[in-house]
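So the chains spell out like this:
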Amino acid sequence: RERGRERETETERSESRRTKRRGKKHSSSRDGDVGGVVFGRLFRARKRRRHTEEDKEDDDHSAAYAESFDAQTGQMVKTLTQSIETVDVSGQTWTQRRGRPAANSKEGTTTTTEKKEHPIVFIHGVGSCAYTFRQVSVLLQEKGYETYAPDVVGHGDSEKSNGFKYDEKSYVEAMEAYVEKVGNGKQVDLVAHGFIIPQYAILLARKRPDLFRRMVLMNTPLDGNHNLAPPLATYTQMFGRGKGKPFDAVSLNYMGNEFAIPGDDLKEYERAYVGSDAENARMAVEMTVTNADFKNLKKKVKDAYFQGGMPKTRIVWGVADKYLDQAPMFSWASDVRASEKALRKVGHMPQEDYPQVVADAVDEFLASDLKVSALGSVRGRKVLVDDGQG
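Residues numbered from 1 in each chain as written. Predicted model: local features only at pLDDT ≥ 70, side-chain atom pairs only at ≥ 80, totals over all residues. Heavy atoms only, no water.

## Here's the deal with a nonpolar patch on the surface
Then comes step 1: A surface patch of nonpolar side chains, amounting to about 250 Å² of accessible area, comprises F259, Y354 and V357.
Then comes step 2: Along the polypeptide, V357 turns up in helix α12 (residues 355–367). (Patch = residues over 30% accessible without salt bridge, like charges linked within 9 Å, V, L, I, M, F, W, Y side chains within 5 Å. Areas by Shrake-Rupley, 256 points an atom, 1.4 Å probe, with all protein chains shown as cover. Salt bridge = Lys/Arg side-chain N within 4 Å of Asp/Glu carboxyl O. Helix = DSSP H or I, 4+ residues; strand = E, 2+ residues; numbered from the N terminus.)

## Here we look at the packing of aromatic side chains
Then comes step 1: In the structure shown here, the tally under the stated rule is 11 aromatic pairs.
Then comes step 2: Centroid distance F122 to F133: 4.8 Å. Interplanar angle 25°. Geometry classified as stacked. Of this pair, F122 sits in strand β5 (residues 120–123) while F133 sits in the loop between β5 and α2 (134–141), and the two are 11 residues apart along the sequence.
Then comes step 3: Look at F122 and you get buried, because its relative accessible area is 1%.
Then comes step 4: A relative accessible area of 1% means that F133 is categorised as buried.
Then comes step 5: Of the aromatic side chains, those joined through ring pairs into one cluster are F164, Y166, Y171 and Y200.
Then comes step 6: A cation over an aromatic ring shows up here: K116 above the ring of Y145, its NZ or CZ 4.9 Å from the ring centre.
Then comes step 7: Positioned above the aromatic ring of F365, the side-chain terminus of R214 is 5.7 Å from the ring centre. (Phe/Tyr/Trp six-rings, centres within 6.5 Å; stacked < 30°, edge-to-face > 60°. Buried < 20%, exposed > 50% of the residue type's maximum accessible area, 1.4 Å probe, protein only. Lys NZ or Arg CZ within 6 Å of the ring centre and 35° of its normal.)

## Remarks on the nonpolar core
Then comes step 1: Residues F195 and I196 are the most contacted members of the largest nonpolar core, which totals 67 residues.
Then comes step 2: Filtering out sequence-adjacent residues up to four positions away, I196 remains in contact with V126, L228, T288, V289, A292, F294 and L297.
Then comes step 3: Grouped together as the second largest cluster of nonpolar side chains are 21 residues, A130, F133, A361 and F365 included. (Core = buried A, V, L, I, M, F, W, Y, C linked by side-chain atoms within 4.5 Å. Contact = heavy atoms within 4.5 Å.)

## Looking at the side chain of R282
Then comes step 1: Along the chain, R282 turns up in helix α8 (residues 278–291).
Then comes step 2: The contacts of R282, once residues within four sequence positions are left out, are Y235, G244, K245, P246, F247 and Y273.

## Some details on the sheet that holds strand β6 (residues 147–151)
Then comes step 1: Read across the sheet, 8 strands follow the order β3-β4-β6-β5-β7-β8-β9-β10 without closing on themselves; strand pairing throughout is mixed. Of all strands in the sheet, those with a lone pairing partner are β3 (83–89) and β10 (339–343), marking the two edges. Direction aside, neighbouring strands of the sheet carry axes that sit 25° apart on average.
Then comes step 2: Relative to β6, β5 is paired through 2 bridges, and the arrangement is parallel. From the neighbouring strand, I120 faces β6, where its bridge partner is T147.
Then comes step 3: Relative to the sheet, helix α3 (residues 168–183) contacts β3, β4 (92–99), β5, β6, β7 (188–193) and β8 (212–218), its axis offset from that of β3 by approximately 120°.
Then comes step 4: Against the sheet, helix α10 (residues 326–336) engages β8, β9 (312–318) and β10, with an angle of about 165° to β9. (Pairing = 2+ DSSP bridges. Axes fitted to C-alpha atoms, helices over the stretch in contact; angles between N-to-C directions.)

## Structural notes on the pattern of salt bridges
Then comes step 1: Going through the model one piece at a time under the given rule, you end up with 22 salt bridges.
Then comes step 2: Ionic pairing is found between R98 and E85, a salt bridge with its closest N-O pair at 3.9 Å. You can see R98 sitting in strand β4 and its partner E85 sitting in strand β3, a full 13 residues away along the chain.
Then comes step 3: Linking E168 and K300 is a salt bridge whose minimum nitrogen-to-oxygen distance equals 2.9 Å.

## Some thoughts on the pairing of β5
Then comes step 1: The two faces of β5 match: I120 and F122 on one face and V121 and I123 on the other face are all buried.
Then comes step 2: Relative to β7, β5 runs parallel, the two sharing 4 bridges. Residue F122 lies in a different strand from β7, and its bridge partner there is V191.

And the structure:
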């Protein structure tokens, strides 16, 4: 009877051990299932996050398009444009129009557009804004260029700071910081148009030639015989009689041209001077003009080229400019050995009158090997009459 009880007890112990082993096995299996589920979820989450980051990176480098109505086809079409961004420049907020290169291949064709190595930075003159380069920028984006057109401090939608001095030193340092930021270690190509601020950009190139590869100057005062446009010259009247006078942005950006600028575009040029920040915008123009020793500034620009080491330069000039005569430009270009492209039937703002011709002239220069035969544009005479070339 005692041996029977011992066998029953041993049987119970064996069954208990088997039950525990089965329980442990099932527990291990369940833990493995949970671990697999967790690992799978983590893997999928990482994969989704990686794809999201890649998509964001693609978006950062993709061209921007805007939809507009095509009256000829009666359909909405997408057109290349620029994104409007803000950028911090030495503690001040600038607004810029950034244009990404068009896609590598054009739909329905075998044509390919390679992205150019050096970005283009557009610099506008006093009293203007980045909007003036919108059309030329698109045309150059289609040729593979990345473009940056800032509203320089005090202009357009950029900050109009009371602490900014609006003098040569302040502008040069501010543009230096901006070019360093957008160039991001690469040399940029400069395209500049207008009064005073482009001249400061030339002095920046003299100070920091390492920032620039090539430069294109469009209808900016170069020679001693070039004077300020009347809407700007009003602030230089003797005995301070121009102090506090309203700034006429429409006249500055309209009266020097050969062709009319549409009303909606003129409103963009005028917008900063009629809005809530109008007085600060007006003051930026007045201070820029009064702080510039204009006569000496033109001399500094010419001396910068005579001292050597400047980036290769081309002048693209609208010869019908109502503000700046063409003859001094030809003389200046000859003296500093700059190539030039004279555009007939084009006024003070070639980028508004004939943006396609301007874009072609800029691209021709930036993509050339700098041989005169390749440029085919150096002239040594004043254009007195329409010679049928444009």
